[in-house]
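As a plain string of letters, each chain reads:
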Amino acid sequence: MQDEFESATESSVASTEALTLIGNDVRAGILHALSDARGGEGNPPALSFSELRSRVGADVDSSRFNYHLQRLVGEFVERRDDGHSQLVETVVEQEGTGYALRPEGTMLTRTIRATTDGDGASLSPTELDTDCYFCGEPVEAMYEHALFKIQCPGCSYLYEYDFTPPGVLHGDDGSIVAQASEYNRSVRLAFARGVCHLCGNAVDTTFVEPSETGYPRPDKRAVCINRSCDRCNHRNYLRLGEALLGNPALISFCHERGLDVTATPIWKLEFAATDRHVTVRSTDPWEVALRVSLDGDTLELVVDEELSVVEHSIS
Ligand SMILES: [Zn+2]
Ligand SMILES: [Zn+2]
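Everything quoted here is computed from the prediction, not taken from an experiment.

Asker: Describe the coordination of the zinc ion (ligand 2), with residues and values.
Answerer: Reference geometry at the metal: tetrahedral coordination by four donors gives ideal angles of 109.5 degrees; octahedral coordination by six donors gives 90 or 180 degrees. Coordination of the zinc ion (ligand 2) by the protein is provided by Cys196 (SG), Cys199 (SG), Cys229 (SG) and Cys232 (SG), with metal-donor distances spanning 2.3 Å. One can describe the donor arrangement at the zinc ion (ligand 2) as tetrahedral, given that its four donor atoms subtend angles of 96 to 118° at the metal. Donor residues for the zinc ion (ligand 2), ordered by position in the chain, follow C-x2-C-x29-C-x2-C. Residue Cys199 is located in the loop between helix H6 (173-192) and strand E7 (204-208), and its partner Cys229 is located in the loop between strand E8 (224-228) and strand E9 (235-238); the two are separated by 30 residues in the primary sequence. For Cys229, a relative accessible area of 3% corresponds to the buried category.

Asker: Describe the pairing of strand E10 (residues 278-283), naming the residues involved and giving the relevant values.
Answerer: Pairing of E10 with strand E11 (residues 286-294) involves five bridges; the strand directions are antiparallel. Its bridge partner lying in E11, Val278 is registered against Leu290.

Asker: Explain the pairing of strand E13 (residues 309-314) residue by residue, including any values.
Answerer: Note that strand E12 (residues 297-304) and E13 share five bridges and pair antiparallel. Each bridged residue has a counterpart across the sheet, and for Glu300 the counterpart in E13 is Ser313. Counting the residues between successive antiparallel strands, the hairpin from E12 to E13 contains four residues, one of them, Leu307, with a positive phi of roughly 70°.

Asker: Give me the lowdown on the coordination of the zinc ion (ligand 1), citing residues and values where you can.
Answerer: The zinc ion (ligand 1) binds to the protein through Cys132 (SG), Cys135 (SG), Cys152 (SG) and Cys155 (SG), with metal-donor distances spanning 2.2 to 2.4 Å. On the primary sequence, the residues serving as donors to the zinc ion (ligand 1) are separated as C-x2-C-x16-C-x2-C. In this pair, Cys135 sits in the loop between strand E3 (123-131) and strand E4 (138-144) while Cys155 sits in the loop between strand E5 (147-151) and strand E6 (158-163), placing the two residues 20 residues apart along the sequence. You can call Cys135 partly exposed: its relative accessible area is 38%. Note on Cys155: relative accessible area 9%, which makes it buried.

Asker: Describe in detail the packing of helix H2 (residues 25-38) against helix H5 (residues 103-115), supporting the description with residues and values.
Answerer: Put simply, H2 and H5 touch, their axes get as near as 10 Å, and they point 95° apart. Considered as vectors, H2 and H5 are oriented roughly perpendicular to each other. Residue-level inspection shows Leu31, His32, Ser35, Asp36 and Arg38 of H2 in contact with H5, the latter providing Thr106, Leu108, Thr109, Arg110 and Arg113. Among the residues forming the contact of H2 with H5, the class breakdown is two nonpolar, four polar and four charged.

Asker: Talk me through the packing of aromatic side chains; I want residue IDs and the actual numbers.
Answerer: One pass over the full model with this rule turns up seven aromatic pairs. Where Phe134 meets Tyr157, the ring centres are 4.7 Å apart and the plane angle is 55°; that geometry is what we call tilted. A residue pair is termed long-range when its members are at least 10 positions apart, and Phe134 in the loop between E3 and E4 and Tyr157 in the loop between E5 and E6 qualify at 23 residues. Seen from their ring centres, Tyr161 and Tyr215 are 6.4 Å apart, and the 80° between their planes marks the pair as edge-to-face. Within this pair, whereas Tyr161 is found in strand E6, its partner Tyr215 is found in the loop between E7 and E8, the two being separated by 54 residues in sequence. According to the relative accessible area criterion, Tyr161 is partly exposed, its value standing at 38%. Grouping aromatic residues by their ring pairs yields a cluster made of Tyr133, Phe134, Tyr157 and Tyr159. Seen from the ring of Tyr99, Arg79 lies directly overhead, with NZ or CZ sitting 5.7 Å from the centre.

Asker: With reference to specific residues and values, describe the pattern of salt bridges.
Answerer: For the structure shown, the criterion picks out 18 salt bridges. Note that Glu78 is salt-bridged to Arg80, the shortest N-O span being 3.2 Å. For the pair shown, Glu78 and Arg80 are each scored as buried. A salt bridge links Glu300 to Arg291, with the shortest nitrogen-to-oxygen separation between them at 3.5 Å. When its relative accessible area of 17% is taken as the criterion, Glu300 is described as buried.

Asker: Account for the side chain of Arg221, with residues named and values stated.
Answerer: Secondary-structure assignment places Arg221 in the loop between E7 and E8. A distance of 3.1 Å separates the side chain of Arg221 from the backbone oxygen of Val223, its partner in a polar contact. In this structure the side chain of Arg221 is engaged in a polar contact, spanning 3.0 Å, whose partner is the side chain of Asp275. Those residues in contact with Arg221 that lie beyond four places of it in its chain are Tyr157, Pro210, Leu238, Arg239 and Asp275.

Asker: Help me get a handle on the sheet that holds E11, residues and values and all.
Answerer: Ordered by their spatial adjacency, four strands build an open sheet running E10-E11-E12-E13, and the pairing between neighbours is antiparallel. Edge strands, defined here as strands with exactly one partner in the open sheet, are E10 and E13. Taken pair by pair, the neighbouring strands of this sheet meet at an average axis angle of 15°, ignoring direction. With respect to the sheet, helix H8 (residues 248-255) is in contact with E11, E12 and E13, its orientation differing from that of E12 by roughly 170°.

Conventions and cut-offs
Residues numbered from 1 in each chain as written. Chains lettered and ligands numbered in written order. Predicted model: local features only at pLDDT ≥ 70, side-chain atom pairs only at ≥ 80, totals over all residues. Heavy atoms only, no water. Donors = N, O, S within 2.8 Å, 3.2 Å for Na, K, Ca; no water. Tetrahedral: all angles 85-135°; square planar, octahedral: opposite > 155°, others 65-115°. Helix = DSSP H or I, 4+ residues; strand = E, 2+ residues; numbered from the N terminus. Buried < 20%, exposed > 50% of the residue type's maximum accessible area, 1.4 Å probe, protein only. Pairing = 2+ DSSP bridges. Axes fitted to C-alpha atoms, helices over the stretch in contact; angles between N-to-C directions. Parallel < 35°, antiparallel > 145°, perpendicular 65-115°, else oblique. Contact = heavy atoms within 4.5 Å. Nonpolar A, V, L, I, M, F, W, Y, C, P; charged D, E, K, R; others polar. Phe/Tyr/Trp six-rings, centres within 6.5 Å; stacked < 30°, edge-to-face > 60°. Lys NZ or Arg CZ within 6 Å of the ring centre and 35° of its normal. Salt bridge = Lys/Arg side-chain N within 4 Å of Asp/Glu carboxyl O. Polar contact = N/O pair within 3.5 Å; in protein donor to acceptor, adjacent residues only side chain to side chain.

The values reported here are purely geometric and, on their own, carry no functional implication.
This is the structure in structure tokens:
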């Protein structure tokens, strides 16, 4: 068995190499067993070689098991002596000598656990307590194949359509919609603020004519704000109202008039769920205005093509 400690360098494994590394039953079993051990109560333990091999239960001899284990050491796994990580100053006391996940391994296994669901669970179309702002039909939510969708069955206008991890399904039908909406709000607000929620990269901004997006009912949209990540290829089309949901002037204007936009589902906010109050002033360069009216007052915010607010007025 290899006993040398690995150097404390940052993992630089490329994404294709990462997929190759974990694309093996034994190595996947090792990562899963170490993730299981880390997820319990108390301090994250290190597992001895024999304990780890026992937990994985792979039908391979000791030397073969060690070969696979060492393929992971230095990338997603580290060997610890007297409980001390070679990599990070731990904030809680560590226990045991043996193998544990590196922080990169913890992030990887958590991502895989969060985005996979062996049950293939789904939410069949469920009527919500909100009527379509265009045609008046009650809108419906559904979840299938990792996509959460809220759409109007009457006019096909799409209110939400997001990759959503299956953890939102762990509840009754009412909490599923609430959890999915809350999760997707955090995703969309991260994009709105210019950060990819998956990889942390800064995202690009492009204003797009709705007819160029392939989304249903482009005739009911004024503009689509495409925020895309060139690192993980994640992208999102935002409406202007939701892109401005973190704007302090908008938050306070609504709060002073009894509406908490930080806690209301986006699809319940007409100015954020539709472009009915959006005016395109110019397309070259893009300049777009949003009007939010409450209690007889109207807040108007105007953004440029960088999504920066360039005008702000209340009338
Ligand atoms: Zn409709
Ligand atoms: Zn990204």
